[in-house]
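So the chains spell out like this:
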Amino acid sequence: LFDGVYPFYPQQRKAAVFDISIIIVTVVFLTLACSFLLIVPGIRGRARLYWTLRVLLSLAAGVVIVAVQFTGDWERGWVRANTSYKSFSAAAVSADIGLHIGLGGLNVTLRGAPPRQLNETIDYNEHFAWGGGADYERSYGEGLRKGLPTPILYVAEKFRARSPCGVQQQYRSAGRYASIALWVAFCTWLLSNILFSTPALVYGGYALLLTGAFLSLSLLSFSTVRTSLLCPIHFGPLALHTAYGGSFWLTLAVGLLCLLAGLTVVLLHHFNLDLLKTFFDLREDLAEECPEMTQVYINPGCTGRGL
């Protein structure tokens with residue numbers, strides 16, 4: 001024993017808060033946004049508002065498309081239950097057990113209610129990856145050797161390849177195809193920004209429509225796992241049920257935004273091209289298009305010839 005408890009964790013591990021990949025993506029897009037805000041005062045007139053609206057909305061869509069690749073809350077669920085804590089021990093704890101599923105793996109969270117029980121702080125967040133060449137069985141084996149709490153191992157065991165549930169292959173395939181669709185959506189998002197900087201604005205609208213279509217395809221791919229029956233995860237009389245998480249709904253919102261913006265650009269191109277050019281700061285001033293002659297000079301030698 002280590003101070004009266006089993007020596008599984010001599011130094012208590014803390015729950016993860018942010019993924020480093022999400023931080024990198026956020027910092028990159030925030031740098032681009034701040035750089036643009038520095039040059040906004042140099043834009044004159046109403047074009048300043050139009051530029052700000054276009055750039056910030058575009059960057060917001062881009063950061064979501066990339067960041068949701070690394071988030072772990074496409075599907076999530078919580079349950080509070082009284083459950084055994086460690087193997088070879090009859091001690092039970094009251095805890096909140098959470099399951100967070102992403103495109104490349106899952107996180108199992110265990111938080112004590114209250115946090116301090118059995119002479120230690122119960123606050124765990126363990127990640128088990130299956131995407132990107134990760135070995136889920138190895139991660140699960142390391143969890144067994146480290147002596148993770150029983151609720152975490154119980155939930156993680158449901159997603160093993162050898163489990164009778166067979167859900168890992170479903171989530172692995174759905175996550176892979178959803179990730180591919182998201183990367184294609186990111187490419188079409190880049191293409192739309194390039195096309196919007198040219199006079200061919202309608203093609204930028206088409207690129208935005210493709211972006212929204214591929215975002216919808218990624219959502220459709222991930223939602224296929226909900227069509228099959230999943231193994232129940234029971235803790236006594238209670239069951240852990242999952243539902244779509246924040247990343248799923250955020251991707252849906254950005255997809256609808258891209259579809260709406262692309263459709264608006266296409267419609268304006270066919271029905272009100274001047275308004276579209278004004279919004280994208282491509283409409284020339286009428287005074288430059290049709291200059292008026294304020295003074296007229298007549299040759300006196302030609303007036304008598306009827307010219």
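Residues numbered from 1 in each chain as written. Predicted model: local features only at pLDDT ≥ 70, side-chain atom pairs only at ≥ 80, totals over all residues. Heavy atoms only, no water.

Within an unreviewed UniProt entry, the label attached to the protein reads DOXA2 factor, and the organism entered is Eubucco bourcierii. Under the UniProt heading Sequence similarities (unreviewed entry), the entry covering the protein gives this text: "Belongs to the DUOXA family." UniProt, in its Subcellular location (unreviewed entry) section for the protein, records the words "Membrane". (UniProt positions renumbered as here; feature names shortened; annotations may be inferred.)

S.K.: Would you take a moment to explain the sheet that holds strand β4 (residues 120-129) for this structure?
M.R.: Note on sheets: strands pair through backbone hydrogen bonds, and any given pair is parallel or antiparallel. Read from one edge to the other, the open sheet built from five strands follows the order β4-β3-β2-β1-β7, with strand pairing classed as antiparallel. Taken across any chain shown, the strands that pair with only one partner, and hence form the sheet edges, are β4 and β7 (243-244). (Pairing = 2+ DSSP bridges. Helix = DSSP H or I, 4+ residues; strand = E, 2+ residues; numbered from the N terminus.)

S.K.: Quick question: what am I supposed to make of the environment of G141 here?
M.R.: On the secondary structure map, G141 appears in helix α3 (residues 136-146). As for G141 and L153, which are separated by twelve residues in sequence, their C-alpha atoms are 9.8 Å apart.

S.K.: Sorry if this is basic, but what is going on with the UniProt feature "transmembrane region" (unreviewed entry) in the protein here?
M.R.: Feature annotation in UniProt assigns "transmembrane region" (unreviewed entry) to the following positions: residues 20-39, 51-70, 90-110, 177-196, 202-225 and 246-271. Strand forms 0% of residues 51-70 and helix 85%; the C-alpha atoms that close the span are 30 Å apart.

S.K.: Please explain the nonpolar core as it appears in this structure.
M.R.: If you look at soluble globular proteins, the nonpolar side chains tend to sit buried side by side. Core analysis: the biggest nonpolar cluster contains 64 residues, and L99, L106 and F159 have the highest contact counts within it. For L99, the residues in contact, after removing those within four places along its chain, are E75, R76, G77, L106, N107, V108, V155, F159, I233, L240 and T242. (Core = buried A, V, L, I, M, F, W, Y, C linked by side-chain atoms within 4.5 Å. Buried < 20%, exposed > 50% of the residue type's maximum accessible area, 1.4 Å probe, protein only. Contact = heavy atoms within 4.5 Å.)

S.K.: Looking at this structure, how should I read the pairing of strand β3 (residues 105-117)?
M.R.: Bridging between strand β2 (residues 92-101) and β3 involves seven bridges; their strand directions are antiparallel. The residue bridging L99 from the neighbouring strand is V108, located in β3. Count of turn residues in the β2/β3 antiparallel hairpin: three residues. Bridge analysis of β3 against β4 gives nine bridges, and the strand direction is antiparallel. Residue Q117 lies in a different strand from β4, and its bridge partner there is E120.

S.K.: Just checking my understanding: could you explain the pattern of salt bridges for this structure?
M.R.: Pairs may arise between side chains of opposite charge once their charged atoms sit close together. For the coordinates displayed, the defined rule picks out three salt bridges. A salt bridge links E137 to R160; its shortest N-O distance comes to 2.8 Å. A residue pair is termed long-range when its members are at least 10 positions apart, and E137 in helix α3 and R160 in the loop between α4 (150-158) and α5 (167-195) qualify at 23 residues. Assessed through its relative accessible area of 17%, R160 is described here as buried. (Salt bridge = Lys/Arg side-chain N within 4 Å of Asp/Glu carboxyl O.)

S.K.: Sorry if this is basic, but what is going on with the packing of helix α1 (residues 20-39) against helix α2 (residues 47-67) here?
M.R.: Helix-helix packing is described using two parameters, namely the angle between the two axes and the distance between the axes. Direction vectors running N to C along α1 and α2 enclose 170 degrees, while the axes themselves pass 10 Å from each other. With respect to their mutual orientation, α1 and α2 come out roughly antiparallel. Contacts from I22, V25, T26, F29, L32, A33 and F36 of α1 reach α2 at W51, T52, V55, L56, L59, G62, V63, V66 and A67. Residues belonging to the contact of α1 with α2 are distributed by class as follows: 13 nonpolar, three polar and no charged. (Axes fitted to C-alpha atoms, helices over the stretch in contact; angles between N-to-C directions. Parallel < 35°, antiparallel > 145°, perpendicular 65-115°, else oblique. Nonpolar A, V, L, I, M, F, W, Y, C, P; charged D, E, K, R; others polar.)

S.K.: I would appreciate a short explanation of the packing of aromatic side chains in the present structure.
M.R.: Within a pair of aromatic rings, the relevant descriptors are the distance that separates the centres and the angle that separates the planes. With the rule as written, the count across this model stands at 20 aromatic pairs. Centroid distance F248 to W249: 5.3 Å. Interplanar angle 85 degrees. Geometry classified as edge-to-face. Looking at F248, the relative accessible area reads 7%, which means it is buried. Owing to a relative accessible area of 47%, W249 belongs among the partly exposed residues under this scheme. Each member of the aromatic cluster is reached from another via a ring pair, and the members are W74, F128, W130, Y136, F159, Y171, F222, Y244, F248 and W249. Cation over ring: R54 sits above W51, and NZ or CZ is 4.4 Å from the ring centre. The aromatic ring of F279 is capped on one face by R54, whose charged end is 5.8 Å from the ring centroid. (Phe/Tyr/Trp six-rings, centres within 6.5 Å; stacked < 30°, edge-to-face > 60°. Lys NZ or Arg CZ within 6 Å of the ring centre and 35° of its normal.)

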